[in-house]
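Examination of the molecular architecture
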Amino acid sequence: MSRPARWARRRPVAAVLALTALSLLLRLVALGDRTMHWDEARVAYWTLRYVRGAGFAYRPVIHGPFVPITVAPLFRQLGPTAFAARLPVAIVGGLAPLSALLFRRSDGGTASATVDIGLDDSETVALAALLAVTPSLVYYSRFMRSDVPLAVFALFALGFAVRALATARRQHVLAAGLFVGLAIPTKENVLLYAACAVGTAGVAVCWPAVVPLLPWYRADEPRNAATTAFRESISRARAALARHLPAVPLALLVALVPVVFFLAPRGPAGDPTLGAALAGDAGWLALIERATVGTWETFASSFWAGSRGHSYPSYAGKLLAYLLVGALPVVGGAGVAFVREFRSPSRPLVVPLVAWGVAAMLGYPLATDIPAPWISLHIALPLFVPAAVGWVAIAREHAWNVGLPDADTLPDPGTRGRYARYALAGLVVLSAVQVPLVLAASSITPPLYVNVLAQSAQPPDDLSPMEDTVADAANAAERSSAGSRTQSGDDGGVLFYGEAYYLPNERIDDDPPAEGEHWLGWWLNRLPMAWYVERAGAESSYARDPAALGDRESVPPVVFAAPHEAEGAASVLDERGYERTRYELGLYHEQAVVVFVDESRVDGEPANRSVHS
């Protein structure tokens, strides 16, 4: 190959690397600035408890252990900050554009390759660009949730599977197994990914038999042509299985490594534990059973495995809106590719992956317990590759020629072409405006009421003054021992007040209450404050009503109360010199906390604790 030819082959790789750098930049700049979402605070709390020796085991309430296990060493090295909490997800999401190279059409395929699939150079770069700048993918890459790792690992697994089919090289099957193993401990809806993958494979095998039956395909004897095409497709599938099946058992063993590593209990959280197995005090077979069968039993007995009783149309409508706002270019490009594929079938990847996206759009409103914006990521994921095909088709000459056979009820071809040009021009302009606008309104600015990508449990207020105050309160005991005590018996810390913050056991991190006590529902009400309390290492206590609060010899310098119970606390705290501040905790609903602070007993200059509206 000549030097110019080699450079021509390398240019797409350079473009993908540049887009990956842009992707990482979009995800890492000011990563720790946004106030922690309730879900982030929940996962970060249990991660920090693990770092401080409480042990760790799979709990459906924080989904898979991949994010906590990868964040834990960062908390040790960088401290328990929002930046450290979000960093692993940001890196995984930032590297997503690299997966585009796996879908690139290979010139080095062997004679044993059974399927001619892949993207050309322009489509590969387009795929990387979509993965770099799609707003929903950027936003939730800057978020301590498991959705982006699941989606990205699934995309890499799909890419290696496509690579294996295109090149007939079994090592790609092993790589796909590794990424499947990484995806499993991220989040429970990996089960839906598995179901969709099986369905997609079925569509890929059956689609060639459908093509001759299309009325505008004009095949001679369509039924015979469909039968022949189906037999040929089955033959190709059998050849692919024969080629790659010997590598599957080893791929399963490769997948088992990250599954056991992440799902095995750690510390005093279960038996056997990973540490015990590494030390030779527990058998590996028992550990594998605990990480696999034990994890399944834990999930099967949880709330998330139960039935759903919500309105399907309501959930479906909300998820569709999130999908269009967060990934409009992906949906639009995939739609263009799908229409073109129906007109002139030539790309084996397009229809099966669009079918996956449609199945996800229909299935997630049934499977999810809340219609959260992050669900749209899993619906959009299979559409990225078709979208790249569609956008390149739009950019190329005659991309609007999507005509169907002439019919009396249809406009003439010239009119259809003109309408198609108008529609595609509108899609291009809308996407060009929408992407930077949504990126600016979601991932760059503070949480806004117009930011539909921010789920309602995102606090709209800046909670850094609360964070600083809790940190000051955690030092009250130390100051007390140095002679700065202002009240008899002052041991610092914080206090949760009222029925809203009741717990049957104040030390749920060390001694969780029995399952029948329903402690989780109560503890969630304390978010995100519980994260800031744990982060500061502050002691926490509880008082249920004004009488219990007034009977205390000393009240901690910081008291949290729900707004509807704040007056009861104020009847005791106002006369003791406490000042109150209200912080809004819910972006789209009424959720707030009133923080009472005794300024004379906290360190530093008084923060700006004016009442928030």
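Look above for the structure.
Notes on the structure follow.

Cut-offs used in this document
Residues numbered from 1 in each chain as written. Predicted model: local features only at pLDDT ≥ 70, side-chain atom pairs only at ≥ 80, totals over all residues. Heavy atoms only, no water. Helix = DSSP H or I, 4+ residues; strand = E, 2+ residues; numbered from the N terminus. Buried < 20%, exposed > 50% of the residue type's maximum accessible area, 1.4 Å probe, protein only. Contact = heavy atoms within 4.5 Å. Areas by Shrake-Rupley, 256 points an atom, 1.4 Å probe, with all protein chains shown as cover. Patch = residues over 30% accessible without salt bridge, like charges linked within 9 Å, V, L, I, M, F, W, Y side chains within 5 Å. Salt bridge = Lys/Arg side-chain N within 4 Å of Asp/Glu carboxyl O. Axes fitted to C-alpha atoms, helices over the stretch in contact; angles between N-to-C directions. Parallel < 35°, antiparallel > 145°, perpendicular 65-115°, else oblique. Left-handed = near helix turned anticlockwise from the far one by under 90°. Nonpolar A, V, L, I, M, F, W, Y, C, P; charged D, E, K, R; others polar. Core = buried A, V, L, I, M, F, W, Y, C linked by side-chain atoms within 4.5 Å. Expected span 1.5 Å × (residues − 1).

The subject of this paragraph is the overall build of the protein chain. A tally of helices and strands in the protein chain yields 24 helices and five strands. Here the protein chain, with 613 residues, has 50% of them falling under the buried criterion. Counting only contacts in the protein chain whose residues sit at least 6 apart along the sequence, the fraction spanning at least 24 positions is 77%. For the protein chain, the computed accessible surface area is about 26800 Å², with 62% contributed by carbon and sulfur atoms.

With that out of the way, let us pick up a nonpolar patch on the surface. A contiguous nonpolar surface patch, about 380 Å² in accessible area, is contributed by Leu 241, Leu 245, Val 248 and Leu 252. Along the chain, the position of Leu 252 falls in helix 11 (residues 248-263).

A separate point is the packing of helix 15 (residues 350-367) against helix 17 (residues 384-395). In contact at an axis separation of 8 Å, helix 15 and helix 17 are set at 125° when each is read in the N-to-C sense. What the angle tells us is that helix 15 and helix 17 run oblique. For helix 15 against helix 17, the interelement crossing comes out left-handed. Within the contact between the two elements, helix 15 uses Val 350, Leu 353 and Val 354 and helix 17 uses Val 385, Pro 386 and Val 389. Residues of the contact of helix 15 with helix 17, tallied by class, amount to six nonpolar, no polar and no charged.

The next point concerns the environment of Gly 326. Here Gly 326 lies in helix 14 (residues 312-343). With 112 residues separating them along the chain, Gly 326 and Val 438 place their C-alpha atoms 7.4 Å apart. Dropping the residues within four chain positions of it, Gly 326 is found in contact with Thr 134, Pro 135, Ser 136, Gln 434 and Leu 453.

Counting residues in hydrophobic clusters, the biggest one holds 127 residues, and the most contacted among them are Leu 127, Met 466, Phe 560 and Val 593. Here the element with the most residues in this core is helix 7 (residues 147-167); it accounts for 12 residues. Here Leu 127 is in contact with Ala 100, Phe 103, Leu 119, Phe 384, Val 385 and Ala 388, once residues within four sequence places are set aside. Of all hydrophobic cores here, the second largest spans 15 residues; its members include Val 555, Ala 570, Val 572 and Val 594.

Attention shifts here to helix 17. Compared with an ideal rise of 1.5 Å per residue, which puts 12 residues at 16 Å, helix 17 spans 17 Å between its outermost C-alpha atoms and is within 8% of the ideal. Listed as buried for helix 17 are Phe 384, Val 385, Pro 386, Ala 387, Ala 388, Val 389, Gly 390, Trp 391, Val 392, Ala 393 and Ile 394.

In short, the description is geometric, and any link to function would need to be established separately.
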